[in-house]
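Results of the structural survey
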Amino acid sequence: MPLAALAGAGLLASACTTTGNVERNAAGGAALGALAGAVIGNNVGGGDAGTGAAIGAALGGGAGAVRGCRQDGGCGAQNQNRRQYYDERVGRYYYYDNGSGRYYWEDGSPR
């Protein structure tokens, strides 16, 4: 049961993104969490490294997914991760929004 829950949580945490930051950080966090959880689980309590690894992987994967989402400008991030371009004709900056496929001025109005 814990393995199925862990796989389901990993699948939900790695929802489709265009940059892959969520997936990479979730996988890295899960790996580091599993390693740390196995060591802690083996040395503390009943000495069950498997349970510690499962708990660590779930927590690390979730934390990594949130970190990747914030890098992409979502999940409550204050600064959106987007590249701005300068239009010399009008003297304004604009950016391309991957989500909508449109260009916007820096104040958010359509270009």
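Analysis parameters
Residues numbered from 1 in each chain as written. Predicted model: local features only at pLDDT ≥ 70, side-chain atom pairs only at ≥ 80, totals over all residues. Heavy atoms only, no water. Phe/Tyr/Trp six-rings, centres within 6.5 Å; stacked < 30°, edge-to-face > 60°. Buried < 20%, exposed > 50% of the residue type's maximum accessible area, 1.4 Å probe, protein only. Lys NZ or Arg CZ within 6 Å of the ring centre and 35° of its normal. Patch = residues over 30% accessible without salt bridge, like charges linked within 9 Å, V, L, I, M, F, W, Y side chains within 5 Å. Areas by Shrake-Rupley, 256 points an atom, 1.4 Å probe, with all protein chains shown as cover. Salt bridge = Lys/Arg side-chain N within 4 Å of Asp/Glu carboxyl O. Helix = DSSP H or I, 4+ residues; strand = E, 2+ residues; numbered from the N terminus.

Focus on the packing of aromatic side chains
- This structure, assessed with the given rule, holds six aromatic pairs.
- The interplanar angle of 65° and the centroid separation of 5.9 Å between the aromatic rings of Tyr94 and Tyr103 together place this pair among those described as edge-to-face.
- Tyr94 sits in the buried class, given a relative accessible area of 15%.
- Site record: aromatic cluster; members linked through ring pairs are Tyr85, Tyr94, Tyr96, Tyr103 and Trp105.
- Lying over the aromatic face of Trp105, Arg92 brings its terminal NZ or CZ to 4.3 Å of the ring centre.
- Here Arg111 stacks its cationic end above the ring of Trp105, 5.3 Å away from the centre of that ring.

Some points on a nonpolar patch on the surface
- A cluster of nonpolar residues, Tyr85, Tyr96 and Tyr103, forms a patch on the protein surface that exposes about 280 Å² of accessible area.
- The residue Tyr85 is located in strand β1 (residues 84–87) in this model.
- Judged by its relative accessible area of 31%, Tyr85 falls in the partly exposed class.

Observations concerning the pattern of salt bridges
- Overall, the coordinates contain three salt bridges when judged by the stated rule.
- In this structure, Asp87 and Arg89 form a salt bridge, with 3.5 Å as the shortest nitrogen-oxygen distance.
- As a salt-bridge pair, Arg111 and Asp87 come within 2.8 Å of each other at their nearest N and O atoms. Of this pair, Arg111 sits in the segment after β3 (102–105) while Asp87 sits in strand β1, placing them 24 residues apart in sequence.
- Of the residues examined, Arg111 reaches a relative accessible area of 41% and is grouped as partly exposed.
- Here Asp87 falls in the buried class, since its relative accessible area comes to 7%.

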